[in-house]
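# Observations on the model geometry
Here is what each chain is made of, one letter per residue.
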Amino acid sequence: MSYVEMVRNVLPLLLGTIGTVLSIYNFVDARRKTARNLQLSINTALPTYHDGHIGEPLFQVTATNTGHRNVTVTNLGLELPGNRVLALMQPYPGFVDTATPTTLSDGEIATRHFGYRDLAKAIRTSDLPSKVKIKPFAVDSAGKRHYGDALEFDAGEW
């Protein structure tokens, strides 16, 4: 077999392999773009007032739409062990919670705040241990639950 015949036989195989790899990449990229992508985080927020007074610390749960598709968030909050959901809906001065349901387009955020003391009180009045892992969650309009990284919270400190 000459060099030209070998190239003639290998070249279609090489082109077919490249085409297959590009097709798989395009398929995965299209699936990623059409998926509902929410990134959740939990941070501490400290209210500060004009007189220099610092208020009680709050958990700030943030859901960010990191995809290209609009996502409707129907619930946003903190999940306790045993799939229990913290449902304190108390307004905190200076902080505006996003009303749900809300539709987030690419890069938009929704936030909700929970007081450290309120969470500690809820834990103490339930049958949960003092130290628990809490995690932020959001539920989209399709019913899928999105989670952020868990955080350890000690109700005994509050």
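Preceding block: the structure.
Reference entry: report on the structure contained in this document. (Residues numbered from 1 in each chain as written. Predicted model: local features only at pLDDT ≥ 70, side-chain atom pairs only at ≥ 80, totals over all residues. Heavy atoms only, no water.)

## Some details on the sheet that holds strand β1 (residues 38-45)
The sheet built from 3 strands is open, its strands ordered β1-β2-β6 with antiparallel pairing. The sheet is open, and its two edges are formed by β1 and β6 (109-115), each paired on a single side. Adjacent strand axes in the sheet meet at a mean angle of 20°, parallel and antiparallel pairs treated alike. The strands that helix α2 (residues 116-124) touches are β1, β2 (58-65) and β6; relative to β6, the one it contacts most, it runs at about 65°. (Pairing = 2+ DSSP bridges. Helix = DSSP H or I, 4+ residues; strand = E, 2+ residues; numbered from the N terminus. Axes fitted to C-alpha atoms, helices over the stretch in contact; angles between N-to-C directions. Contact = heavy atoms within 4.5 Å.)

## Some words on the side chain of T62
Relative to the elements of secondary structure, T62 occurs in strand β2. Residue classification places T62 among the buried positions, given a relative accessible area of 10%. Leaving out residues up to four positions away in the same chain, T62 has contacts with Q39, L40, S41, I109, A110 and T111. (Buried < 20%, exposed > 50% of the residue type's maximum accessible area, 1.4 Å probe, protein only.)

## With respect to the nonpolar core
If you look at the biggest cluster of nonpolar residues, it comprises 25 residues, and the most contacted ones within it are F59, L76, L78, L119, I134 and F153. For this core, the secondary structure elements donating two or more residues are β1, β2, β3 (71-80), β6, α2 and β7 (131-140). Counting residues per element, this core draws most heavily on β3, which supplies 5 residues. Not counting residues up to four positions away in its chain, the partners in contact with F59 are I42, N43, L78, R112, H113, F114, Y116, L119, I134, L151 and F153. (Core = buried A, V, L, I, M, F, W, Y, C linked by side-chain atoms within 4.5 Å.)

## What to know about a nonpolar patch on the surface
Taken together, the side chains of M1, Y3, V4, M6, V7, V10, L11, L14, L15, I18 and L22 define a hydrophobic patch exposed on the protein surface, amounting to about 1200 Å² of accessible area. Inspection of the secondary structure assignment puts V4 in helix α1 (residues 3-34). The class of V4 is exposed, set by a relative accessible area of 59%. (Patch = residues over 30% accessible without salt bridge, like charges linked within 9 Å, V, L, I, M, F, W, Y side chains within 5 Å. Areas by Shrake-Rupley, 256 points an atom, 1.4 Å probe, with all protein chains shown as cover. Salt bridge = Lys/Arg side-chain N within 4 Å of Asp/Glu carboxyl O.)

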